[in-house]
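What follows is the residue order along each chain.
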Amino acid sequence: MRTWLKDIFKKDPDWISEEERLKVIENSSKQVSRGVFFATIIIITSFLPVFMLTGQEGKMFHPLAYTKTFIMIVDALLVLTLAPVLISFFMKGKFRPDHANPVNRFLERFYEPVIKTVLNWRKTTIAINIIALLITIPLLKNLGTEFMPALDEQSILFMPVTLPDVSNSEAKRILQIQDKIIKSVPEVDKVLGKAGRASTATDNSPISMIETIIMLKPKSQWREGLTKKSIIDELDRKLQIPGVVNGWTQPIINRINMLATGIRTDVGVKIYGQNLDTIATVSEKVKTALEGTKGISDLYVDPITGGKYLSIDVKRGELSRYGLTVDDINQTVETALGGATIGNTIEGRQRFSIALRLGQEFRNSVERIKRIPIQSASMGEIPLSAVADIKFEDGPPMINSENALLRGAVMFNVRDRDLGSTVKEAIDKINKTNGILPEGYFLEWSGQYENMIRGQQTLMWIAPIVLVIIFFSLYFAFNSIREAFLSLITVPFALIGGAYIIYIWGVSLSVGVAVGFIALFGIAVETGIVMVIYLNDAMNQLIKLKGNSSETITKEDLREYIVRGAAKRLRPKLMTVCVSLFGLIPVLWATGVGTDVMQPIVLPMIGGVLTSSTHILLVTPLIFLMSKEYELRKYGKLEVSHANH
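Residues numbered from 1 in each chain as written. Predicted model: local features only at pLDDT ≥ 70, side-chain atom pairs only at ≥ 80, totals over all residues. Heavy atoms only, no water.

Engineer: Account for the overall build of the protein, naming residues and giving values.
Structural biologist: What the protein contains, in helices and strands, is 22 helices and 15 strands. Relative to the 2.2 N^0.38 estimate, which gives 26 Å for 645 residues, the radius of gyration of the protein is 37 Å and therefore markedly larger than a compact globule would have. The principal-axis extent of the C-alpha atoms belonging to the protein is close to 130 × 70 × 50 Å. The buried share of the protein, reckoned over its 645 residues, is 43%. For the protein, the proportion of contacts with a sequence separation of at least 24, taken over those separated by at least 6, is 78%. Side-chain charges in the protein split into 72 positive and 63 negative, and the spacing between the mean points of these groups amounts to 7 Å. (Helix = DSSP H or I, 4+ residues; strand = E, 2+ residues; numbered from the N terminus. Rg over C-alpha atoms; globule rule 2.2 N^0.38 Å. Buried < 20%, exposed > 50% of the residue type's maximum accessible area, 1.4 Å probe, protein only. Contact = heavy atoms within 4.5 Å. Lys, Arg positive; Asp, Glu negative; His and termini not counted. Charge placed at Lys NZ, Arg CZ, Asp CG, Glu CD.)

In C-alpha cells:
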C-alpha cells in the first residue's frame, strides 16, 4: 500500500528539482519587487495633496490618506518578504501553464486579435485616444463646482430671521405657529424649536433668530416620489409669514459653518468698514444686486440697525434739587428692572442667589417705568421721570467685528445650482453695479465658497510637484525616461473615464471628486508599471533568443514579442483592475448616511480605472512598440530595463 501511494505522488523525472523551484520563485520575486516598491512610492506620493489639505476638508480626508498610506507600506513589505515565503510553502508539485487555464484561453482568444489590430492601425488608435482626451476639456469646464458633496444628515434645520426689535411674546407666537405648520407635513416626525440663545456665553443668537430642528420619518414612510428637497420646498411654501425670512440648512453643517467662517448659510458676503450705518446701506445695495440670481435662495441681510434700547438719561440739573446722586438713580434702575441680589439660599450642597426686582406688570411699558418711585431725603417719594428722561432709542441689535473692523453680512443659500457658478455670477453682478462700495469699505466672500477656494488653491500648487515626484520615481524604477513617460501618460487617459462618468452622473467638481482623481492616478500608474514590466520581460526573452542588434531583430519580431508580453500575462493585469472595481462598484448602490459623500469620491475611480486599463492594454503596447522601433533605428539596439536588477 505504501509503495502504491509513493508511486502516485512521485514526481515525473522531467520536473524541476527543489533547488530549481526555489530559484524560479526568487527570480519571479525579483522581477516584480522593483515595480512593487516604486508603485507603492507613487501611490503614497499621489496622496500628498490630501495631506496638504487644511480646515474642514483636511479633517475629513486625512484619515483616508493615512489609512491608505499605512496599508500600502505594510502591503509592500509583505509582498517583498512574506509572499515569496508563502509561495515556496504552498506552490509545490507540477503546475499547468497559463494557456491551460480556460479563463486565460478565453481572454487571450479575445485580446490577441484586438491588440494586433491596434498595432496595425496605429494612427487611428492614437487619434481616437487624443480625441477622447480632448473631449474631456469642455466636459470638465461645463461641470459645476462646490466645496464638498452635501451630506444628507437625515434632518433639517429651519432658521428663520425676523425683525430685530421683535418682542419675546411675538417670537414665541411665531415659533408656535411655525412648529404647528411643520408638524402638519406627513413626512415630519418631530419638531423642536427655540428662539434666542441658550444659557451660554458661546451662543450669541438674538431673540429674532429662531432655530427649529426637524426630524424626518424613514424614507419608506414618505409619500411616493418625494425627496428631501421637495419636502423643504413644500415647507418653505407653507411657512411664508410676513416679516420673517426663511432659511434652510442642516444641523451639523450649520454649526461647522458658523464656527469656521461665522456665516450660518452656504455663502455670505461680508462688508467691512468703520461706520455701522454705512455698512447697513452697502448691505442693502448688495442684496438688491443679488436678487434674481439663479440658485440664490434665502437671501437676507444680517440686521445691523433696528434694535430697540431703553434709554434712561439722568437730568443732572434736577438731582441737586432733590438731594440725589447719579448712583442713587443707577441703583434704583438696576434693582427695579434688572434685579439685585439680596441674599443666598442653601439647599443641601446647592447654593442659590435671591434676586429682587419689580413685578412684570410694573415694568412692561415706558409709562410704568417713568412712575418707578425714588425716595428723596428732601422731597420724599418722587417718580423716576422727575430726574431722568426715559425713552426707546434705535441702535444696532448686535455689533460684529473681525480683524479690528466692523462687519456686516449678506447671507444666502444655494439650491438647484452648483455653488461655484452661482457665486461667480453673483460676483459679476456686484462688480457691474456701480456705487456699491464707498471709499474705505470692502467685500469678502465667505462660507462654503471660502473653503472651496482654499481647497482648490492647495490642490493646484501641490499637483505639479506630485507629478514631478511620480515621474522621477518611474525613472528610477525603469532607468529610462521614455519608459517613465510611457507609464505616466496613463494618468491623463485615466482622466477620460473619470470625467465622463461624473458628467453622466451629474456630479459637481469638489474636493471629494479631487480626492477620487488623486486615488485614481495612483491606481493607473501602478497598472501601467505592471504592463511595462512584462513588456520588458518579453524584450529580454527576444534579446536572449536573437541578440540585441538591429541586424538580427526585425519589426515582425518586435511585434510578435510585444503581443506575447501583453497577452500572455493578461490575467495579472486584469486582476489588478478587477480588484479595484469589485471594491468600488458596490458603493454606487449603497444607501444610508454618508453614501452621498462617498459616491463623488468613487465615481472618478470607477470610470478612470475602466479607461486607463483599456489604454494600458491597447495603447501602452503600441507606444512601447513605436519606442523600440525608434531605438533600433537610431541606436541599432534595444534599451531594455532588466527585471532582475
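Engineer: Would you mind going over the sheet that holds strand S4 (residues 248–249) in detail, with residue names and values included?
Structural biologist: Overall, antiparallel pairing links the four strands, which are arranged S2-S3-S1-S4 in an open sheet. Single-partner strands in this sheet number two, and they are strand S2 (188–195) and S4. Pairing of strand S1 (residues 155–158) with S4 involves two bridges; the strand directions are antiparallel. Among the inter-strand pairings, Leu157 is bridged to a residue of S4, identified as Thr249. Here helix H8 (residues 168–183) sits on the sheet and contacts S1, S2 and strand S3 (210–216); the angle it forms with S2, its principal contact strand, is near 170°. Its contacts with the sheet put helix H10 (residues 251–261) on S1, S3 and S4, and the angle it makes with S1 is roughly 50°. (Pairing = 2+ DSSP bridges. Axes fitted to C-alpha atoms, helices over the stretch in contact; angles between N-to-C directions.)

Engineer: Explain the pattern of salt bridges to me, and be specific about the residues and the numbers.
Structural biologist: Counting across every chain of the model gives 25 salt bridges. Across the pair Glu211 and Arg255 runs a salt bridge whose closest N-O atoms are separated by 2.7 Å. Of this pair, Glu211 sits in strand S3 while Arg255 sits in helix H10, placing them 44 residues apart in sequence. Residue Glu211 is classed as buried on the basis of its relative accessible area, which comes to 5%. The salt bridge partner of Lys229 is Asp233, with a shortest N-O separation of 2.9 Å. Of this pair, Lys229 and Asp233 both sit in helix H9 (residues 228–238), four residues apart, which is roughly one turn of that helix. Assessed through its relative accessible area of 23%, Asp233 is described here as partly exposed. Because the salt bridges share partners, they merge into one network encompassing Glu187, Arg223, Glu234 and Lys238. (Salt bridge = Lys/Arg side-chain N within 4 Å of Asp/Glu carboxyl O.)

Engineer: Any chance you could break down helix H22 (residues 595–635) for me, citing the residues and the numbers?
Structural biologist: Its maximal kink placed at Ile616, H22 deviates by approximately 40°. In terms of burial, H22 is largely enclosed, as 30 of its 41 residues are buried. One or two residues past the end of H22 sits Gly636, with phi positive at roughly 80°. (Bend = angle between axes of the 7 residues up to and from the residue.)

Engineer: So what's going on with the nonpolar core? Which residues, and what values?
Structural biologist: If you look at the biggest cluster of nonpolar residues, it comprises 60 residues, and the most contacted ones within it are Leu290, Phe412 and Trp445. For this core, the leading source of residues is helix H19 (residues 511–546), giving 10 residues. Each residue touching Trp445, except ones within four places of it in the same chain, is listed here: Val267, Gly268, Val269, Leu290, Phe412, Val423, Ala426, Ile427, Ile430 and Glu450. If you look at the next biggest cluster of nonpolar residues, it comprises 44 residues, including Val525, Met531, Ala566 and Leu618. (Core = buried A, V, L, I, M, F, W, Y, C linked by side-chain atoms within 4.5 Å.)

Engineer: Before we move on, can you summarise the packing of helix H16 (residues 448–478) against helix H17 (residues 481–488) with the specific residues and values?
Structural biologist: In a pair of packed helices, the angle between the axes and the distance between the axes together describe the arrangement. Interhelical geometry of H16 versus H17 gives an angle of 130° and a closest axis separation of 8 Å. The orientation of H16 with respect to H17, classified from their angle, is oblique. Relative to H17, the crossing made by H16 is right-handed. Mapping the contact onto sequence places Leu467, Ile470, Phe471, Leu474, Tyr475 and Phe478 in H16 and Ile481, Glu483, Ala484, Phe485, Ser487 and Leu488 in H17. In the contact of H16 with H17, the residues fall into 10 nonpolar, one polar and one charged. (Parallel < 35°, antiparallel > 145°, perpendicular 65-115°, else oblique. Left-handed = near helix turned anticlockwise from the far one by under 90°. Nonpolar A, V, L, I, M, F, W, Y, C, P; charged D, E, K, R; others polar.)

Engineer: Requested: an account of unusual backbone geometry, with residues and values cited.
Structural biologist: Unusually for a residue other than glycine, Asp298 sits at a positive phi of about 55°. When you line up the elements, Asp298 lands in strand S6 (residues 296–301). By relative accessible area, which is 11% here, Asp298 ends up buried. In the Ramachandran plot, Asp416 falls in the positive-phi region, its phi being about 65° despite a non-glycine side chain. For Asp416, a relative accessible area of 58% translates into the label exposed.

Engineer: How would you summarise H17 if you had to cite specific residues and measurements?
Structural biologist: Within the span of H17, buried status applies to Glu483, Ala484, Leu486, Ser487 and Leu488. In the core, the buried residues of H17 are packed alongside H16, helix H18 (490–505), H19 and H22.

Engineer: So, the environment of Pro586: which residues are in play, and what are the values?
Structural biologist: Topologically, Pro586 is positioned in the loop between helix H21 (570–584) and H22. Between the alpha carbons of Pro586 and Val602 there is a distance of 9.9 Å; along the sequence they are 16 residues apart.

Engineer: How would you explain a nonpolar patch on the surface if you had to name every residue and give the values?
Structural biologist: Together, Val74, Leu78, Leu82, Val85, Leu86, Phe89 and Phe90 make up a nonpolar patch on the protein surface, roughly 660 Å² of accessible area in all. When contributions to the nonpolar patch are tallied by element, the ones reaching two or more residues are helix H4 (55–80) and helix H5 (82–90). Sort the elements by how many residues they give to the nonpolar patch and H5 lands first, with five residues. With respect to the secondary-structure elements, Leu78 resides in helix H4. (Patch = residues over 30% accessible without salt bridge, like charges linked within 9 Å, V, L, I, M, F, W, Y side chains within 5 Å. Areas by Shrake-Rupley, 256 points an atom, 1.4 Å probe, with all protein chains shown as cover.)

Engineer: Summarise the pairing of S1; cite the residues concerned and give the values.
Structural biologist: The two faces of the sheet receive side chains in turn, since in a regular strand these alternate between them. Side chains of S1 alternate between two faces, with Ser155 and Leu157 and Ile156 and Phe158 buried alike. Sheet topology note: the S1/S3 ladder contains four bridges and is antiparallel. Considered in S3, the bridge of Phe158 is made with Thr212.

Engineer: Tell me about the packing of aromatic side chains, residues and numbers included.
Structural biologist: Under the criterion given, the structure shown has five aromatic pairs. When the centroid spacing of 4.9 Å and the interplanar angle of 70° are considered together, the rings of Phe51 and Tyr66 count as edge-to-face. Note that Phe51 is positioned in helix H3 (residues 48–52) and Tyr66 in helix H4, a separation of 15 residues in sequence. Following the ring pairs from residue to residue traces out a cluster consisting of Phe51, Tyr66 and Phe70. Across the ring face of Tyr561, the terminal group of Arg564 is positioned such that the distance to the ring centre comes to 4.4 Å. (Phe/Tyr/Trp six-rings, centres within 6.5 Å; stacked < 30°, edge-to-face > 60°. Lys NZ or Arg CZ within 6 Å of the ring centre and 35° of its normal.)

Engineer: Describe the side chain of Gln250, and please don't skip the residues or the numbers.
Structural biologist: On the secondary structure map, Gln250 appears in the loop between S4 and H10. One polar contact links the side chain of Gln250 to the main-chain amide nitrogen of Glu153, over a distance of 2.8 Å. Those residues within four positions of Gln250 in sequence are excluded, and the remaining contacts are Leu151, Asp152, Glu153, Gln154, Ser155, Leu157 and Lys228. (Polar contact = N/O pair within 3.5 Å; in protein donor to acceptor, adjacent residues only side chain to side chain.)

Engineer: Give a detailed account of the confidence of the model for the protein, specifying residues and quantitative values.
Structural biologist: Here the protein averages 81 in pLDDT, while 93% of its residues score no lower than 70. Mean pLDDT across the secondary structure elements of the protein bottoms out at helix H1 (residues 2–9), with 45, and peaks at strand S5 (residues 267–273), with 90. Low pLDDT (under 50) marks residues 1–11, which in the prediction has one contact with non-local residues, meaning those over four places away or in another chain. (pLDDT = per-residue confidence, 0-100.)

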